[in-house]
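Read off the chains here:
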Amino acid sequence: MTGPDRRDAVEFCSDGSEGGTYRATYDRSVVSPSEAVMLVLTEADGGDISDLPPLYDAVDTDALDRLFEEAAARRYGERGLVRFTYDRYEVSVRSEGVVEVHDTGGEHDRRERE
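Residues numbered from 1 in each chain as written. Predicted model: local features only at pLDDT ≥ 70, side-chain atom pairs only at ≥ 80, totals over all residues. Heavy atoms only, no water.

**Quick word on the side chain of Ser 34**
The following threshold applies: Under the scheme used here, helices are H or I runs from DSSP no shorter than 4 residues and strands are E runs no shorter than 2 residues, and both carry numbers assigned from the N terminus. Think of a polar contact as two N or O atoms within 3.5 Å of one another; within protein, one of them needs to be a possible hydrogen donor and the other a possible acceptor, and neighboring residues in sequence only count if both atoms come from side chains. Contact definition: two residues touch when any of their heavy atoms are within 4.5 Å.
Relative to the assigned elements, Ser 34 resides in helix H2 (residues 33–45). Polar side-chain contacts of Ser 34 include one of 2.9 Å to the side chain of Asp 65. With residues near it in sequence (within four places) discarded, Ser 34 still touches Leu 55, Thr 61, Leu 64 and Asp 65.

**Here we look at the pairing of strand E4 (residues 89–94)**
Heads up, the rule is: Only strands that DSSP links by at least two bridges are regarded as paired with each other.
Here six bridges tie strand E3 (residues 81–86) to E4, and the two strands are oriented antiparallel to one another. Paired with Val 82 across the bridge in E4 is Val 93. Counting the residues that bridge the hairpin from E3 to E4 gives two residues, and of these Asp 87 lies at a positive phi of roughly 55°. Summarising the sheet, E4 and strand E5 (residues 98–103) pair through six bridges and their orientation is antiparallel.

**Some details on the sheet that holds strand E2 (residues 21–26)**
This is how the line gets drawn: Only the stretch in contact is used when a helix axis is fitted, and all axes are lines through C-alpha atoms; the angle between N-to-C directions ranges over 0 to 180 degrees.
Overall, antiparallel pairing links the five strands, which are arranged E1-E2-E5-E4-E3 in an open sheet. Two strands in the sheet have a free side with no partner beyond their single neighbour: strand E1 (10–15) and E3. Along the sheet, successive strands turn relative to each other by an average axial angle of 15°, direction set aside. Seen against the sheet, H2 touches E1, E2, E3, E4 and E5 and runs at an angle of roughly 145° to E4.

**Quick word on H2**
As a reminder of what qualifies: The span expected for a helix works out to 1.5 Å for each residue beyond the first. For the exposure calls, accessible area comes from a 1.4 Å probe over protein chains only, and a residue counts as buried if that area is under 20% of its type's maximum, exposed if over 50%, partly exposed in between.
Here H2 is 13 residues long and its end C-alpha atoms lie 18 Å apart, about the 18 Å a rise of 1.5 Å per residue gives. With respect to burial, H2 is a largely interior element, 12 of its 13 residues being buried. When H2 is considered as a whole, its buried residues turn out to be Pro 33, Ser 34, Glu 35, Ala 36, Val 37, Met 38, Leu 39, Val 40, Leu 41, Thr 42, Ala 44 and Asp 45.

**Here's the deal with the nonpolar core**
For the record, the criterion: Put simply, a nonpolar core is a bunch of buried Ala, Val, Leu, Ile, Met, Phe, Trp, Tyr and Cys residues held in one set by side-chain atoms that sit within 4.5 Å of each other.
Counting 27 residues, the largest nonpolar core has Val 37, Leu 41, Phe 84, Tyr 86, Val 91 and Val 101 as its most contacted members. Secondary-structure elements contributing two or more residues to this core are E2, H2, E3, E4 and E5. With seven residues, the top contributor of residues to this core is H2. Dropping the residues within four chain positions of it, Leu 41 is found in contact with Leu 52, Leu 55, Tyr 86, Tyr 89, Val 91 and Val 101.

**Concerning the pattern of salt bridges**
For the record, the criterion: Think of a salt bridge as a Lys or Arg side-chain nitrogen and an Asp or Glu carboxyl oxygen that are within 4 Å of each other.
What the rule picks out here adds up to three salt bridges. Note that Asp 103 and Arg 88 form a salt bridge whose closest N and O atoms lie 3.0 Å from each other. With Asp 103 in strand E5 and Arg 88 in the loop between E3 and E4, this residue pair connects regions lying 15 residues apart in the sequence. Of the two residues examined, Asp 103 and Arg 88, each falls in the buried class. Within this structure, Asp 45, Arg 88 and Asp 103 form a network of salt bridges that share partners.

As structure tokens, this is what we get:
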């Protein structure tokens, strides 16, 4: 489970105020890419991580994590990029430890899911 120390491993560069895009860097030695994605999505959604559908419904989380492991990142350099759609978000994960989440849903009230 994610604790405060794990959330501290994600640093937000953009808070969604510019075109609905949240951008964050994460410490790959502390959190996995899939965990970083969920932390950024939670921030973008303004709620609790348990309010979101499972990430594995949108992307193979094990494959995502393996792709951006240190050995794979060295092999592919800083060019690795994975993009996928999750709920109303377009998600990009880069091998250099950057996650971007763009809200494509416009005016969306997350209470619609409740």
